[in-house]
Structures are given as C-alpha cells and as structure tokens.
Amino acid sequence: MPESITHDGRTLLVLCAVGDVDDDTPVQVNGPGIDYAVFSHEGSFYVTADLCTHGPGSLAEGYVEGCEVECPFHQGKFDFITGLPTSAPCDTPLRIWTPIVVDGQVCIDPDEKRGG
Ligand code: FES
C-alpha cells in the first residue's frame, strides 16, 4: 500500500520513485480503493487510473507509443496526458491526477478530480 506524506499542507500519496518509470514502461500502483498507472513521457510524469474504462484491461500493462497507451484487452487507446480516449472501443475518459515530484518520488493528491 502506498504511503502518504504531507507536502505544502496537502496529504499526498507516494506512488513510486522517479527512477521506477521509463518511457514505454508504465508502472502499476495498487492504491487504496483504486489502482493507478504511472507514465513517463519526454521527461514528465502522468498518472491515470489503471483500469480501462471499457473493461478489465490494465493500462499499465498496455502498449505505449508516444503519449498513447493501447489497452491490452481490446486494443482501445487513450491519451494518458489528457485521459481522453483516442481509439475505439474506448469512449469514456480516464480519471487522471497531477503528479507532484517530492524528494525523487512521484506523488499525487488522491482526492484530485480530473478527467473521467
Ligand atoms: S478493456 Fe480496454 S479496450 Fe476493452
């Protein structure tokens, strides 16, 4: 279970170390009540819900090309920066979070509401 830290008065969830995530190789993090997928692209990090909005696919296990991830289940695609679906059968946006890097760790505010 990821640990929580306090940073600038906010409670953040620590998802992984910066060095854990490579471009093309997202990381799955099992959080309380939800699983996350952490992506890296051109020096920035992005966090989405791991569960595809179309079905049971894990996006952290998907195929990454540029800023798109292809779900391994039915090959639908999402832009992991915006959370928007980019290829059928996916048509519902992913929930996304804003990564905050603290002391070499990729963190999020788990209560942040963005995307789907
Ligand atoms: S479960 Fe992801 S495309 Fe169907």
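I will try to describe carefully the structure that is included in this document. (Residues numbered from 1 in each chain as written. Predicted model: local features only at pLDDT ≥ 70, side-chain atom pairs only at ≥ 80, totals over all residues.)

## Quick word on unusual backbone geometry
Just so we agree on the cut-off: The numbering of helices and of strands both runs from the N terminus, where a helix is a DSSP run of H or I of at least 4 residues and a strand a run of E of at least 2.
A cis geometry characterises the amide bond from Ala88 onward to Pro89, with omega recorded as 10°. In this structure, Pro89 sits in the loop between strand 9 (85–87) and strand 10 (95–97). One non-glycine residue, Asp24, lies in positive phi territory at about 80°. Relative to the helices and strands, Asp24 resides in the loop between strand 2 (10–17) and strand 3 (27–30).

## Observations regarding the nonpolar core
Condition: For this analysis, nonpolar core means a set of buried Ala, Val, Leu, Ile, Met, Phe, Trp, Tyr and Cys residues linked through C-beta atoms within 7 Å. Partly exposed residues are those whose C-beta has more than 12 but fewer than 20 other C-beta atoms within 10 Å; 20 or more makes a residue buried and 12 or fewer makes it exposed, with C-beta atoms placed from the backbone.
Judged by nonpolar contacts, the single largest core of 29 residues is most densely connected at Leu15, Val38, Phe39 and Val47. At the level of elements, strand 2, strand 3, strand 4 (35–41), strand 5 (44–49), strand 10 and strand 12 (105–108) are the ones that each hand at least two residues to this core.

## Some points on the environment of Gly33
In this structure, Gly33 sits in the loop between strand 3 and strand 4. Sequence separation of Gly33 and Gly104 is 71 residues, and the distance between their C-alpha atoms is 25 Å.

## Some details on the sheet that holds strand 2
Spelled out, the test is: Only when DSSP finds a minimum of two bridges between them are two strands counted as paired. Each axis is a line fitted through C-alpha atoms, taken for helices only over the stretch in contact, and angles between the N-to-C directions span 0 to 180 degrees.
Taken in spatial order, the four strands make up an open sheet running 1-2-12-11, and their pairing is antiparallel. Strands at the two margins of the open sheet, each flanked by one partner only, are strand 1 (4–7) and strand 11 (100–102). In this sheet, neighbouring strand axes are inclined to one another by 45° on average, regardless of whether the strands run parallel or antiparallel. Pairing of strand 2 with strand 12, which is carried by four bridges, proceeds in the antiparallel orientation. If you follow Val14 over to strand 12, its bridge partner there is Cys107.

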